[in-house]
Amino acid sequence: MNDEMAGLLSAYDEQMRGVPPNPPSGVTYEQDGPLTRTVGQFRGFLSAPRDVQVRGTELDALIARQRDRFAARGEAVEWKIRGHDLPSDLTDRLRTAGFTAEAEETVLIDRAKDMASPPVLPGGVVLRQVTERADMHRIAALETTVGGQDLTMIGDDLAGRAAAGPDDLVVLVAEADGEVVSAAWLVFRTGTEFAGLWGGSTLSGWRGRGIYRALVAARAHIAAARGVRNCSRLSVHKCPLVVVSVV
């Protein structure tokens, strides 16, 4: 790993492992030692530093408390594990406690200014920034179609986040003849050098035409205009980040 990559990874660890400062209505944060629990959204989330600073039976007890807290609420919970996290047996201990590994992902980081460019779209497709709840639910319908499972909760999640922190979230849709064919969003984290690129689902009949590439370029342009230095996103089916969850 060269010095620039090491510096980006260190900055990511320092700035992007916390929780957003403006939780949506009904969502709360709870602290348990080194962990922050996000409670009240469609799925719980656990945020941790690179090193949770506990080992052995103490770590097992910490893991069990998170599992039991969300089980009592009837909520699934997600705990993201980066490939360089410590201790090295954290993933194994999570599995032993009942967590199940989901698709592996890679954290991708690039300079916003290098990614920003005028979006190039196929004929008949336009990009539009949306803020209305109805549009968020149109995005959820898209995600449900692409994902092959009920993802209607995404609409309420996006609408809630937009209401709680309107300056923290930019949602874009790509439309053709009024139909949402792709959607993605940009999440700002105040006080950091990063903005997150999330979403990016595209209807199967519209893939391979550069729409997602255009959404990346458009979001990076917005981030760069806001003075953000880096954009980060996740790519599925690659290492070294493992998502583990439990119901």
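Numbers given to residues run from 1 along each chain, matching the order in which its sequence is written. Totals for whole chains, interfaces and linings use all residues, but because this is a predicted model, local features are given only for residues with pLDDT of at least 70 and pairs of side-chain atoms are given and counted only at 80 or more. Side-chain calculation: all heavy atoms of the structure are included, whereas hydrogens and water are not.

1. Some remarks on the packing of helix α5 (residues 133-147) against helix α6 (residues 153-164)
Fitting a line to C-alpha atoms yields each axis, with helices limited to the stretch in contact; the angle taken between N-to-C directions then spans 0 to 180 degrees. Counting from the N terminus, the helices are the DSSP runs of H or I reaching at least four residues and the strands are the DSSP runs of E reaching at least two. In the contact formed by α5 and α6, the axes pass within 7 Å of each other and the chain directions differ by 145°. Crossing of α5 over α6 shows right-handed handedness. Contacts between α5 and α6 involve Arg 133, Met 136, His 137, Ile 139, Ala 140 and Glu 143 from the first element and Ile 154, Gly 155, Asp 156, Leu 158, Ala 159 and Ala 162 from the second. The classification used treats Ala, Val, Leu, Ile, Met, Phe, Trp, Tyr, Cys and Pro as nonpolar, Asp, Glu, Lys and Arg as charged, and all other residues, Gly among them, as polar. Of the residues assigned to the contact of α5 with α6, the class counts are 7 nonpolar, 2 polar and 3 charged. Each helix crossing is assigned a hand: it is left-handed if the near helix lies turned anticlockwise from the far helix by less than a right angle, otherwise right-handed if that turn is clockwise. Residues count as neighbours in contact if any of their non-hydrogen atoms are within 4.5 Å of one another.

2. Structural notes on the side chain of Asp 157
The residue Asp 157 is located in helix α6 in this model. In this structure Asp 157 touches Gln 41 and Phe 42, once residues within four positions along its chain are discounted.

3. Overview of the pairing of strand β3 (residues 44-47)
Strand pairing follows a simple DSSP-based rule, namely that at least 2 bridges must link the two strands. As paired elements, strand β2 (residues 35-39) and β3 share 3 bridges and run antiparallel to each other. Bridging across to β3, Thr 38 finds its partner in Phe 45. Where β2 hands over to β3, the hairpin turn is made up of 4 residues, of which Gly 40 adopts a positive phi near 105°. What joins β3 to strand β4 (residues 77-81) is helix α2 (residues 56-73), and the crossover it makes is right-handed. Convention used here: a crossover is right-handed provided that the path from the first strand, over the helix, to the second strand proceeds clockwise when the strands point away from the viewer.

4. Focus: the pattern of salt bridges
In the sections that follow, a salt bridge refers to a side-chain nitrogen of Lys or Arg positioned within 4 Å of a carboxyl oxygen of Asp or Glu. The tally for this structure, following the rule as stated, stands at 24 salt bridges. The shortest N-O distance in the salt bridge between Glu 78 and Lys 80 comes to 2.2 Å. Pair check on accessibility: Glu 78 and Lys 80 agree, each one buried. Here Asp 92 and Arg 95 are joined by a salt bridge, their closest N and O atoms 3.9 Å apart. Here the residue Asp 92 and the residue Arg 95 both occupy positions in helix α3 (residues 90-96), the gap between them amounting to 3 residues, near one helical turn. Under the relative-accessibility criterion, Arg 95 is labelled partly exposed at 41%. Beyond isolated ion pairs, a larger network of salt bridges with shared partners links Glu 30, Asp 32, Arg 37, Arg 65 and Arg 69. We call a residue buried when its accessible area falls under 20% of the maximum for its residue type, exposed when it is over 50%, and partly exposed in between, using a 1.4 Å probe and counting protein chains only.

5. A look at the nonpolar core
Among buried residues, the Ala, Val, Leu, Ile, Met, Phe, Trp, Tyr and Cys ones that are joined through side-chain atoms within 4.5 Å form a nonpolar core. Counting residues in hydrophobic clusters, the biggest one holds 40 residues, and the most contacted among them are Met 136, Ile 139, Trp 185 and Ala 223. Those elements that provide at least two residues to this core are α4 (112-115), β7 (125-130), α5, α6, β8 (169-176), β9 (179-188), β10 (194-202) and α7 (211-225). Examining the composition of this core, we find that 8 residues originate from one element, β9, more than from any other. Once residues lying within four places of it in the same chain are set aside, the contact partners of Ala 223 are Ala 112, Leu 186, Phe 188, Ala 195, Val 228 and Cys 231. In this structure, Leu 35, Val 39, Trp 79 and Ile 81 belong to the second largest nonpolar core, which totals 17 residues.

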